[in-house]
Amino acid sequence: MREGFWRTGVGVLLLAISVSLFLAATPARAQLVLNEILADPASDWDADGEVDARLDEWIEVYNAGAADVHLTEYWVRDGLGEALHLNLFGVLPPGQTAVFYGYQAVAWQQENDAGSSGLSLNNGGDTVQLLRTDPDDPENLLLVDEKIYGPHEAVDDRAAGRLPDGEDWSLFDELNPYEGDELPAGNGCEPTPGGSNVCDNGTPVDAATWSGVRERWR
Ligand SMILES: [Ca+2]
Ligand SMILES: [Ca+2]
Ligand SMILES: [Ca+2]
């Protein structure tokens, strides 16, 4: 009896230790994520009166966490080389999005003697990286999110965006419908720079929705 008690006690202790080790080893989900990217502008997205392939590019970030995010700790670069294109700025409350345009990247680069290439979102496909200043070593940057997009996501006014905010990537192609077979498929909705990613015309059924549907028909 007593032996059984000790065995159970040791078992519970080992279980508790392994659960806490698991929790310690599981990285927290990034609080700030890349949320939408428009790499090939064919419209005057920054509303300065001109369409410009460099200045009208934009990226959007989303605060998926429960606390304010100080965007000055975050940086953006693309897949080519180590050069940083923009130090974000401002404070982003939970559940909110913020958009940054190519003209803001150019302004930052010129102020910091870092050229004037802008966000450098290649139309043939590219990798966009979101980095954060390492709290333990301010000289170091940590990769917090990355979006690899293909050529079909970067054609005249199509935006790659998460749907809903912070979740799986989709293609916002209302302004330039995509009929091909590459993923993500087009959702027929408009890009939303600086606003929540919404799409209510034939939103693709995602895994969560599908399990809900299945549940109802059991
Ligand atoms: Ca581009
Ligand atoms: Ca413009
Ligand atoms: Ca958006």
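Everything numeric in this text was worked out from a predicted model, so none of it was measured.

**What to know about unusual backbone geometry**
The omega torsion of the bond from Leu163 to Pro164 falls at -5°, within 30 degrees of zero and hence cis. By the secondary structure assignment, Pro164 is in the loop between strand E10 (159–162) and strand E11 (169–172). Between Leu183 and Pro184 the backbone carries a cis peptide bond, its omega angle lying at 0°. Mapped onto the secondary structure, Pro184 falls in the loop between E11 and helix H3 (207–216). Despite not being glycine, Asp113 shows a phi value in the positive range, around 55°. Non-glycine residue Asp157 carries a positive phi angle of around 65°. Within the secondary structure, Asp157 sits in the loop between strand E9 (137–149) and E10.

**Thoughts on the confidence of the model for the protein**
Of the residues in the protein, 78% reach a pLDDT of 70 or more, and the chain-wide mean stands at 86. Of the regions scoring below 50 in pLDDT, residues 21–27 engages in 0 contacts with residues more than four places distant in sequence or in other chains. A low-confidence stretch, residues 203–218 stays under pLDDT 50, and its non-local contacts, those more than four residues away or across chains, total 5 contacts.

**Some words on the environment of Leu38**
Within the secondary structure, Leu38 is located in strand E1 (residues 32–38). Residues Leu38 and Trp58, 20 residues apart in the sequence, show an inter-C-alpha distance of 5.3 Å. Those residues in contact with Leu38, other than ones at most four positions away along the chain, are Trp45, Glu57, Trp58, Ala159 and Pro191.

Cut-offs and rules
Residues numbered from 1 in each chain as written. Chains lettered and ligands numbered in written order. Predicted model: local features only at pLDDT ≥ 70, side-chain atom pairs only at ≥ 80, totals over all residues. Helix = DSSP H or I, 4+ residues; strand = E, 2+ residues; numbered from the N terminus. pLDDT = per-residue confidence, 0-100. Contact = placed C-beta atoms within 7 Å.

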